[in-house]
Structures are given as C-alpha cells and as structure tokens.
Amino acid sequence: MRIDDLDFSIEKGLIFIENRQLANGGFPCLLAQTKNCIAEDLLEFDDGVKKSKVTQEDDTIFPASLIGLSLLHLKDNCGARKILDQVASFLLQNQSHFGMWRHYRGTHQLATLIPNDLDNSSLASFVLKELGFPAPDNFSVFNSNRSKNGLFYTWVTLRLQWEPNIKYWMSIWEEYRHPIGQYYFWKLMPCEKRDIDAVVNSNVLFYLGEGDNTSAIVNLMVQVILEGREETCDKWYSRAIMIYYFFSKNIQKGIPKLEPLKEIIKTRILAELKSDGQIFMSALETAMAVSALINIGYAQDISKKSIQFLLDAQNQEGSWDKWVIYYGEPTKTSGFGDDAISTSFVLEALYKYKMYQLSLSPEFVNS
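Residue numbering note: each chain is counted from 1, following its sequence as written. Given that this is a predicted model, residues contribute local features only at a pLDDT of at least 70 and side-chain atom pairs are listed and counted only at 80 or more, while totals for whole chains, interfaces and linings are drawn from all residues. Think of the side-chain values as coming from all heavy atoms in the structure, minus any hydrogens and water.

## A word on the overall build of the chain
When its secondary structure is counted, the chain shows 15 helices and six strands. Computed over C-alpha atoms, the radius of gyration of the chain comes to 20 Å, within 12% of the 21 Å expected from 2.2 N^0.38 for 367 residues, which places it in the range of a compact globule. Of all intrachain contacts in the chain linking residues separated by at least 6 positions in sequence, the fraction that spans at least 24 positions is 71%. Every accessible area reported is derived by Shrake-Rupley at a probe size of 1.4 Å, with residue values counting cover from the shown protein chains alone. Surface accessibility of the chain: about 15,000 Å² in total, with carbon and sulfur atoms responsible for 54%. Labels follow the DSSP assignment, with helices taken as runs of H or I lasting at least four residues and strands as runs of E lasting at least two, numbered in each case from the N terminus. We take the radius of gyration over the C-alpha atoms and set the globule estimate at 2.2 Å times the residue count to the 0.38 power. Any two residues whose heavy atoms approach within 4.5 Å at even a single point are treated as in contact.

## Examining the packing of helix H1 (residues 3-20) against helix H15 (residues 339-360)
Running from amino to carboxyl end, H1 crosses H15 at an angle of 155°, the nearest separation of the two axes being 9 Å. When the axes of H1 and H15 are compared, the pair comes out roughly antiparallel. Handedness of the crossing formed by H1 with H15: left-handed. Contacts between H1 and H15 involve Ile3, Leu6, Asp7, Ser9, Ile10, Gly13, Leu14, Phe16, Ile17 and Arg20 from the first element and Asp339, Ala340, Thr343, Ser344, Leu347, Leu350, Tyr351, Tyr353, Lys354 and Leu358 from the second. Only Asp, Glu, Lys and Arg are considered charged in this grouping, and only Ala, Val, Leu, Ile, Met, Phe, Trp, Tyr, Cys and Pro are considered nonpolar; every other residue, Gly among them, is considered polar. Residue composition of the contact of H1 with H15, grouped by class: twelve nonpolar, four polar and four charged. Inter-axis angles, ranging from 0 to 180 degrees, are taken between N-to-C directions of lines fitted to C-alpha atoms, where helices are fitted over the stretch in contact. Under this scheme an angle from 65 to 115 degrees is roughly perpendicular, one under 35 degrees roughly parallel, and one over 145 degrees roughly antiparallel; angles in between are oblique. Crossing handedness is defined as follows: a turn of the near helix away from the far one that is anticlockwise and smaller than a right angle gives a left-handed crossing, while the clockwise case is right-handed.

## Describing empty space enclosed by the protein
Empty space among the atoms can be located by rolling a probe the size of a water molecule over them. A cavity, in this analysis, means grid points on a 1 Å lattice covering only the protein atoms where a 1.4 Å probe fits yet has no way out; a pocket is instead an open set bounded by protein on both sides within 12 Å along at least five of seven lines, and a residue lines either one if it has an atom within 4 Å of a point. Grid points are joined across faces, edges and corners, and a volume is the space filled by probe spheres set on the points. Evaluated as defined, the whole model comprises two cavities of 30 Å³ or more. Along its surface, the second largest cavity is lined by Ser144, Asn145, Arg146, Tyr153, Arg159, Gln161, Glu163 and Tyr168. Each residue belonging to the lining of the second largest cavity can be placed in one class, and the counts come to two nonpolar, three polar and three charged.

## Description of the sheet that holds strand S2 (residues 53-57)
Sheet architecture is open: four strands sit in the order S2-S1-S6-S5, paired in antiparallel fashion. Where the open sheet ends on each side, the last strands, each with one partner, are S2 and strand S5 (326-327). Here strand S1 (residues 29-33) pairs with strand S6 (residues 334-337) via four bridges, running antiparallel. Across the sheet, residue Ala32 finds its bridge partner in S6, namely Gly335. Two strands qualify as a pair provided that DSSP identifies no fewer than 2 bridges between them.

## Concerning helix H13 (residues 283-295)
In this model H13 runs 18 Å from its N-terminal to its C-terminal C-alpha over 13 residues, within 8% of the 18 Å that 1.5 Å per residue would give. Only protein chains enter the accessibility calculation, which uses a 1.4 Å probe; a residue whose area is less than 20% of its type maximum is buried, one above 50% is exposed, and one in between is partly exposed. Extensive coverage of H13 is indicated by the burial of 13 of its 13 residues. The N-cap of H13, judged by a side-chain oxygen 3.4 Å from the amide nitrogen of Leu284 a few residues on, is Ser282. Helix span is expected to be 1.5 Å times the residue number reduced by one. Pairing of N or O atoms within 3.5 Å defines a polar contact, subject to two protein rules: one partner must be a possible hydrogen donor and the other a possible acceptor, and residues neighboring in sequence count only if both atoms are side-chain atoms.

## Observations concerning the packing of aromatic side chains
Think of it this way: a Phe, Tyr or Trp ring, Trp meaning its six-membered ring, pairs with another when their centres are within 6.5 Å, and the plane angle makes it stacked under 30 degrees, edge-to-face over 60, tilted otherwise. The tally for this structure, following the rule as stated, stands at twelve aromatic pairs. Judged by centre distance (5.3 Å) and plane angle (70°), the ring pair of Phe62 and Tyr326 falls under edge-to-face. Taken together, the positions of Phe62 in helix H2 (residues 62-71) and Tyr326 in strand S5 put the pair 264 residues apart, joining distant regions of the chain. Here Phe62 falls in the buried class, since its relative accessible area comes to 3%. According to the relative accessible area criterion, Tyr326 is buried, its value standing at 4%.

## Considering the environment of Lys262
Within the secondary structure, Lys262 sits in helix H12 (residues 261-270). Counting along the chain gives ten residues from Lys262 to Gln252, while the straight-line C-alpha distance between them is 9.6 Å. Apart from the residues lying within four places of it in its own chain, the contact partners of Lys262 are Ile251, Ile296 and Tyr298. Of the polar contacts made by the side chain of Lys262, one reaches the side chain of Glu259; its length is 3.0 Å.

## Regarding the pairing of S1
For S1, the tally of buried residues reaches four of five residues, placing the bulk of the element in the interior. In this structure, S1 lies alongside S2, joined through five bridges in antiparallel fashion. Within the sheet, the bridge partner assigned to Ala32 lies in S2 and is Val54.

## Regarding unusual backbone geometry
Positioned with a positive phi, Phe280 is a non-glycine residue whose angle comes to about 65°. Topologically, Phe280 is positioned in the loop between H12 and H13. A residue is classified by how much of its surface remains accessible, and Phe280, at 8% relative accessible area, is buried. Phi is positive for Lys332, close to 60°, though the residue is something other than glycine.

Here's what the structure looks like:
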C-alpha cells in the first residue's frame, strides 16, 4: 500500500460526493423500511432480496451536517473545500431561529412539525465554526434545554418545565402555530418530548466543550461504556460502533474522566475484526472503527488489512456502499443512509490513517 493509493481513492471519493451533492448544497438521503430490520438488511436499500421499501428524501438537513463533519478533516483539499463551502451555504440557508436546526426542511410533510433538535444543531454549528463562520448564537437555547439532572434533551420543544430564557420560547414558536399537528406528531411518532440520548449528548459536549454545564454528559458516557449499554443508550444510534465513533471525538479532546474508556473501546472494536480486515458489518462501520481507534490513540493497532479492505471495497464510480447511519426509531424498522454519507466517513478514515503513517515515517510514501 502506497500513499498514492490512498490519495487516488480519496480523490475518487470526493468526485463522487460532489456529483451526489444537490444544487442547494444539501444531500439526498435514503429511508429504508422493513419489518424487524437490522443494519445488514439495509445494505442494498432497494426492493431486491431484502424487500425494503425505499424513499429518497431531498429535504433532509442532517446528512449535510454529517458529511460536513467528516470532510472537515480534508478541508485543505480543494475538492473537499468546494463541497464544504456549499454545505455551509446550505446550513446557513436552513437555519431556524437562534441558530438551531431540524431534521427536515422545505416541502417535506414533517418540516413544520418536527422540532429543532440538538444533534443536528450541534454538528451544524460545529461545522460552520470550523469553516470560519461566526458561531451561531445558540448557547443559551442549548443550556435551556437541559433536564434537572443536567443532561440535554434531544428535542427543543414545549415541556412542563419553567424556563426563563425568552430565546428558548421563541425557538419553539412553530408549536404555537400548529397545535393540532403537534398533538398528532407526538402521539404517532416514536420520539418523546423528554428523550435523552447518549450520542446526542456526546455531540452536544463536542460542540459546547467541557464545563460545568456539560459535566453530566461525561458521567453518562462513562456509565454507558462501563455498563455495556452501547446499543440501548440512544434511540437513533443503536449500533455499538456508532457510539464508539461519536464518543471517541470527545475522548480525543483529552477529557480526564473519559481516559479509562480508551482501552475498553479499543478491545471491543478489535473483537469485531474479521480475517479480511472488515470491522463490524460494512465498509462504513469499518471506517468508523478506524477513525475511532485513531481518535483514542490506538492507530498502531489498526490492521493494514482493514485499510486494504476499504480500498478494495470502493466502487468504480468512487463511492462506498450505502449503509444505515442512524435509525428512525428504537425498533430499527427504518434506517437512514446514502452512498455519499458512507463515502464521507470512509474518506475521513483513509485521510486520518494517511496522516498517521506520514507522522511515523516519510518512507510511507513509497511503502
């Protein structure tokens, strides 16, 4: 494996993502629905063997935040920067009140009913800040959306809990306009107003940083790993590797209380290593595992077979197979994903691995 192999693969992947990007700067997302489906059932996202009902949604905001988050690592690359600039424009155009974001936009049937959420708002805010845009003025809304135990609610919505911050009340003004629709939204959808999800909280910590207002999140993350609750700690990210990937971003920041999690996460990830280099169940999950290991300081434990597996799994047009990245509810009967999302996560992993190898030895160029 040479550095040229990684660079060639990365450039092909960026071209694919650029071609997949919509004219408005966002990205399409596929919603696959099957009965009692789990991640491997969603590999094809079509009406073939798995009999999935598939819908392409072009009014979904969150994929742009996810893709932007991964491509930030490549922002000095001209191709990646072009994509990121359009992502930034898209996010700014679809910002809600006081620097918040929701899952859907535009003409989608849920656009006026689904509330702003802290997951999308955290990642979108972080992406914009890292790209040099002024940080959204949303800290006070975030901090007003906390439970009594200090953890953050997933949804920014009306609850039977007094909050003196006027920005918080103004940020949920859509609920006042559509009371009947709101009633049925909360009655029929799998989400609840008091949802508290571990990955969502981890992403809030990633954006807001360590402090008195986020100390409860750190404690939650420690509990989740020590108690082995990776697949039940979050309604939307219910695969263990998703938890390891997002948690690792905060571990990389050097938060002292998270240090003991490093060895545990490393051991659990490497236990999923297959003989061909695949980790967990797909190229996407292999890439998330590689990035997580690098983030927590165990790049030296990454098998070269895993990197070669990723290179070999790239499709001719430059993409990697679509795979579920988050679910629509805890029962996993619907999953969201797209080739562009998978590809962006793989590019992040390949780039991080390349930089790690170059930091060890310039001879990696010709190895």
